[in-house]
Amino acid sequence: AYVFRELFVPRDRQREAFRDQKVTVRTSDNSTMTLPPPSFVATALDRLGVTTTARSFLDVGCGTGYVSALAACLLGEREGALVQGIECVASRLEGA
């Protein structure tokens, strides 16, 4: 399964989504959030042991939901697998 990073950034920033670098996005309330580089996320998920054998994943500060989507792909559609994302800044959820 694939998670297309460009779907988690505004249209005018989609070209940046194809690079292995962070993408900073301004939200409607003028705050910013950053999507980490794909290589960083891959390393973090690997070191956390998020694989098809993991049972659950909690993404605190989920922002656009990009990392949550990746974790969901890694956990698969197994019965009992659960991915939850929590975000306390409402404007960051607009693009999620």
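This text follows the structure it describes.
What counts, and where the lines are drawn
- Residues numbered from 1 in each chain as written.
- Predicted model: local features only at pLDDT ≥ 70, side-chain atom pairs only at ≥ 80, totals over all residues.
- Heavy atoms only, no water.
- Phe/Tyr/Trp six-rings, centres within 6.5 Å; stacked < 30°, edge-to-face > 60°.
- Lys NZ or Arg CZ within 6 Å of the ring centre and 35° of its normal.
- Buried < 20%, exposed > 50% of the residue type's maximum accessible area, 1.4 Å probe, protein only.
- Helix = DSSP H or I, 4+ residues; strand = E, 2+ residues; numbered from the N terminus.
- Pairing = 2+ DSSP bridges.
- Right-handed = clockwise from strand over helix to strand, strands pointing away.

Caption draft 1: Just the packing of aromatic side chains, in detail. Within this structure, the stated rule accounts for 2 aromatic pairs. If you follow Arg-5 out to its NZ or CZ, it ends over the ring of Tyr-66, 5.8 Å from the centre.

Caption draft 2: Structural view of the pairing of strand E3 (residues 56–60). Where burial is concerned, the two faces of E3 differ: the one with Phe-57 and Asp-59 is buried and the one with Ser-56, Leu-58 and Val-60 is not. In terms of strand pairing, E3 meets strand E4 (residues 82–86) through 5 bridges, oriented parallel. Note on E4: the bridge partner recorded for Asp-59 is Gly-85. Traced from E3 through helix H2 (residues 66–75) to E4, the parallel crossover comes out right-handed.

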